[in-house]
Amino acid sequence: MNLWYTSPASKWVEALPVGNGRIGGMVFGKLDAERIALNEDTLWSGYPRNQNPKNKAPVYAKVRDLAMNRQFHEANELYKDELTSGWTQAYMPLGDLLLDFPHSTGNKYKRTLDLDRAVAETCYECEGTLYRREVFVSAPDDLMVIRLSADKPAHLSLQIRAQSQLRVRACLSDNTIIMEGIAPSHAEPNYSNALAEPIIYSDHDEEKGMRFALMLMPLVSGGTVSNNGESLCITGADSVVLLVNAQTSFAGFDVQPYTHGKDEKAICRAVLERAKTIAWTELLSRHIKDYQSYYHRVTLFLGENEYATLPTNERLLRFNGDDPALYTLLFQYGRYLLISGSRPGTQPTNLQGIWNSDLRPAWSSNFTININTQMNYWPVFSCGLAELQEPLVAFIRELALNGQKTARETYGVEGFVAHHNADIWRHSSAVGNHERGSGTCVAWNLSAGWLCEHLFEAWEYTQDQHYLEKTAWPLMKEAARCLKALLVQDEQGQLILCPSTSPENSFIWQGKPTGMARTTTMSMAIIRELFQNCITVSQVLNRDTEFAADLSALLDQLYPFQIGSKGQLLEWDDEYEEAEPHHRHQSHLYALYPASLITPEKTPELAQACKRTLELRGDEGTGWSLAWKLNLWARLHDGDHALRILHYQLRLVDDDNANRGGGTYLNMFDAHPPFQIDGNFGVTAGIAELLLQNIKNGIHLLPALPSTWKAGFCNGLCAKRRVTVDIAWNEQRVGVTLLSALSQPLDLYCRRVKQQHVNLQAGKPLTLELAL
């Protein structure tokens, strides 16, 4: 489980990522001029602002009336002009550590990312001396550690400096590099050309962005340490340990970070002072122990051959489906990235996780909550990483506070609403800044409902009733209150959400594309699922029964799913001409995955319509779109088609073929292109979905096993109701061990056939062997 290469990274998407959820680094492994690109997960542009369009309930009603009368273009224009706010802010790059060495050539070069230890290494030989660099980011000690060593004494010499694209000043104090800076007050999205100066630094304190600090402290064995005014100079050392910490003044989503922020320098220095008293070996040991407490929960083996011994770039370049260990590597890489990018107390992973190199990153590297942020957390429960969803839960809780204001001020209703983009300031209104065509993307207001699925799913897996009552239920109820208030009746007396969009997609109306319809399949699926989940919670907690009864009465009136003339599940309220038949979003299939409103067992006709929809959409797509298709085909129990999608996902993408479609970069980051991390997480969830699915009152083993995966095993996958599952299979038999934290009955299915009804005893493993 290593990524490894025989040459340095020449570009950012070839560098190797390390992180502890808060600090991220990209290690290039260059011989003479090592670069480690740094991020800190709270370093964003901007400051808290209420950008809600105020007192717009009458305008929203007018937009609704226009859409109800099929005046879609007029509805879209009015929405864009009156109901959009300013943009979300952008996730910023902190800077680069630059390590200059006196040798530019070497042999026996190898750079590695060890997924089992979460350590990036660079090794090479120069003039008879073997040099080694090891980099990790420790969660227990909250800092980056870099160890430089040579196999001969007094052979390490280098100069170290830091730089940033942001406004900074750097100095050297007591042989410590200190770089202080400030983030912009505003960063215009990379797709907007509205401002001549897209990066703005305000002179007014109340409009200034957050402060940040980077500090590097060397611990040198042998040799001398000095500085030349710009760089830290180390000469003739035996080994060097560099302690690196970064902090910002961020003190909360609703706190002005410049005038009322934390003391970032004091925090930064305190971390380093504490860490310098700990031996390098102890720092490494604590890091590995913490990391492996997550990583070792799940193992996967799908076979291995001689290709597993090749460098990763060669494996990707030659891949044609005959390297089974590459599937396993991609699966575990997604788990590695989630452990490295999302920890309790950090921010949730954004479009690029915690790794970004651009001042104006693609889509501002924000929280895109119409699929991408949600996809980031698809693997947490099934793949044994339940604690890592805590940042998402905290994000939803904070977003709801702003979202309640948006619901009241913009829509004139109670409850919690949010739209398709958010940021560290928990922006909840529709972005777009009144720009032409923006309504198609930004008018989508269902993210609160979708995010609540993650809250409910957490209870389904953990059965934590205290969490359900104190955390999940208040947020779910507020989201349901808002959507309930926005429902209207159509001519047949059915309830719809009008106006509605299907995220980022459009259809042809009166000769022109528009995204705004009377309602959409995804809107109704999210509402239906949220209402059903709320009713379940009310029953479990025995509370709010009147509210649940109201929702139950509404369920039967909700606009049902519709099947079109081609046998497909319709995306909008009518069979409109699609502007992009092969669009990257599969939003109307939400009911199939991630929800389970549609299943081959319960709703075979609708499942067949979903299959036909996927066939019409085609197998190509952006990286994250491929990941969604992988999960959708798994839910349809078509493992061979899912594997075909997985092959597209492992297609090597570089600058020469970036227009061909999604795939994987040289460092196995997901390629939209450009880089988006959601595809990595979606694929990990999808591979788990091929091997294990939850069904009502039971578990389905190997529901979508590809026919070429003749034998293998997976230990540690998690099912709902606190069941851990170990599976091993060959062409004749399946062995399974179930370990439940609860005593409970369970229906066990395998390969789409019910095998047994079992009674699990809490804490007692049950091992069975099933014939295929």
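Relevant structure appears above.
For clarity, every value in this text was computed on a predicted model and none was experimentally measured.

About the thresholds
Residues numbered from 1 in each chain as written. Predicted model: local features only at pLDDT ≥ 70, side-chain atom pairs only at ≥ 80, totals over all residues. Heavy atoms only, no water. Helix = DSSP H or I, 4+ residues; strand = E, 2+ residues; numbered from the N terminus. Rg over C-alpha atoms; globule rule 2.2 N^0.38 Å. Contact = heavy atoms within 4.5 Å. Lys, Arg positive; Asp, Glu negative; His and termini not counted. Charge placed at Lys NZ, Arg CZ, Asp CG, Glu CD. Buried < 20%, exposed > 50% of the residue type's maximum accessible area, 1.4 Å probe, protein only. Pairing = 2+ DSSP bridges. 1 Å grid on protein atoms, 1.4 Å probe; cavity = no way out; pocket = protein on both sides within 12 Å on 5 of 7 lines; lining within 4 Å. Points joined across faces, edges and corners; volume = space filled by probe spheres on them. Nonpolar A, V, L, I, M, F, W, Y, C, P; charged D, E, K, R; others polar. Axes fitted to C-alpha atoms, helices over the stretch in contact; angles between N-to-C directions. Parallel < 35°, antiparallel > 145°, perpendicular 65-115°, else oblique. Left-handed = near helix turned anticlockwise from the far one by under 90°. Expected span 1.5 Å × (residues − 1). Salt bridge = Lys/Arg side-chain N within 4 Å of Asp/Glu carboxyl O.

1. With respect to the overall build of the protein
- Tallying secondary structure elements over the protein gives 17 helices and 38 strands in all.
- Relative to the compact-globule value of 28 Å for 772 residues, the protein shows a C-alpha radius of gyration of 26 Å, a close match.
- Taking the principal axes of the C-alpha coordinates as reference, the protein spans close to 85 × 70 × 50 Å.
- Within the protein, contacts between residues separated by at least 24 positions form 69% of all contacts whose residues are at least 6 apart in sequence.
- On the protein, the mean spot of the 71 positive side-chain charges and the mean spot of the 88 negative ones are 3 Å from each other.

2. Quick look at the pairing of strand S10 (residues 156-163)
- Side chains Leu-156, Leu-158, Ile-160 and Ala-162 of S10 all project onto a buried face; the interleaved residues Ser-157, Gln-159, Arg-161 and Gln-163 project onto a face where none is buried.
- The pairing of strand S5 (residues 95-100) with S10 spans 5 bridges and is antiparallel. When the sheet's bridge partners are listed, Asp-96 is paired in S10 with Gln-163.

3. What about empty space enclosed by the protein?
- Counted according to the given criterion, the structure contains 2 cavities of 30 Å³ or more.
- Empty space within the largest cavity amounts to approximately 40 Å³.
- Looking at the largest cavity, the residues that line it are Gly-19, Asn-20, Ala-118, Val-137, Ala-139, His-287, Asp-290, Tyr-291, Ile-339, Ser-340 and Arg-343.
- Counting residues per element, the ones that place at least two in the lining of the largest cavity are helix H4 (280-295) and helix H6 (324-341).
- A total of 3 residues in the lining of the largest cavity trace back to one element, the largest contributor, which is H4.
- In the lining of the largest cavity, the residues fall into 5 nonpolar, 4 polar and 2 charged.
- Counted as a void, the second largest cavity has a volume near 40 Å³.
- Leu-16, Val-27, Gly-29, Arg-111, Thr-112, Ala-120, Glu-121 and Thr-122 together form the lining of the second largest cavity.
- Among the secondary structure elements, those contributing two or more residues to the lining of the second largest cavity are strand S6 (107-114) and strand S7 (119-126).
- At 3 residues, S7 tops the list of elements feeding residues into the lining of the second largest cavity.
- Looking at the lining of the second largest cavity residue by residue, the class counts come to 3 nonpolar, 3 polar and 2 charged.

4. What to know about the packing of helix H1 (residues 57-68) against helix H2 (residues 72-82)
- The contact between H1 and H2 brings their axes to 8 Å, and the two run at 165°. As summarised for this structure, H1 and H2 are arranged roughly antiparallel, according to the angle between their axes. Note on packing geometry: the crossing formed by H1 with H2 is left-handed. Two secondary-structure elements touch here, H1 through Val-59, Lys-62, Val-63, Leu-66 and Ala-67 and H2 through Phe-72, Glu-74, Ala-75, Leu-78, Tyr-79 and Glu-82.
- Class assignment of the residues belonging to the contact of H1 with H2 gives a composition of 8 nonpolar, no polar and 3 charged.

5. Side note on the layout of surface pockets
- Here the largest pocket defines a volume of roughly 1,500 Å³.
- In this structure, the largest pocket is lined by 50 residues; those nearest its centre are Glu-460, Ser-596, Ile-695, Lys-696 and Lys-720.
- Of all the elements in the fold, those that place two or more residues in the lining of the largest pocket are helix H10 (447-462), helix H12 (521-541), helix H17 (678-691), strand S31 (692-695), strand S32 (698-701), strand S33 (712-719) and strand S36 (744-750).
- The element contributing the most residues to the lining of the largest pocket is H10, with 7 residues.
- For the lining of the largest pocket, the class distribution of residues is 23 nonpolar, 15 polar and 12 charged.

6. Description of H1
- A rise of 1.5 Å per residue sets the reference length of H1, with its 12 residues, at 16 Å; its end C-alpha atoms lie 16 Å apart and thus fit the reference within 8%.
- Residues of H1 that are buried include every one of Val-59, Tyr-60, Val-63, Leu-66, Ala-67 and Met-68, and no others.
- As for H1, its buried residues are in contact with H2, helix H8 (390-411), helix H11 (465-486), strand S22 (487-489), strand S23 (495-497) and strand S27 (516-517).
- Phi for Arg-70, located one or two positions after H1, is positive at around 60°.

7. What to know about the pattern of salt bridges
- Overall, the coordinates contain 41 salt bridges when judged by the stated rule.
- When the shortest N-O distance is used, the salt bridge between Arg-22 and Glu-40 registers 2.7 Å. Highlighted residues: Arg-22 in the loop between strand S2 (16-19) and strand S3 (23-27) and Glu-40 in strand S4 (residues 33-40), separated in sequence by 18 residues. Across the pair, exposure class does not vary: Arg-22 and Glu-40 are buried alike.
- Members of the salt-bridge network, linked through shared partners, are Asp-114, Arg-117, Glu-121 and Arg-132.

Scope: geometric values only; no functional claims are made or implied.
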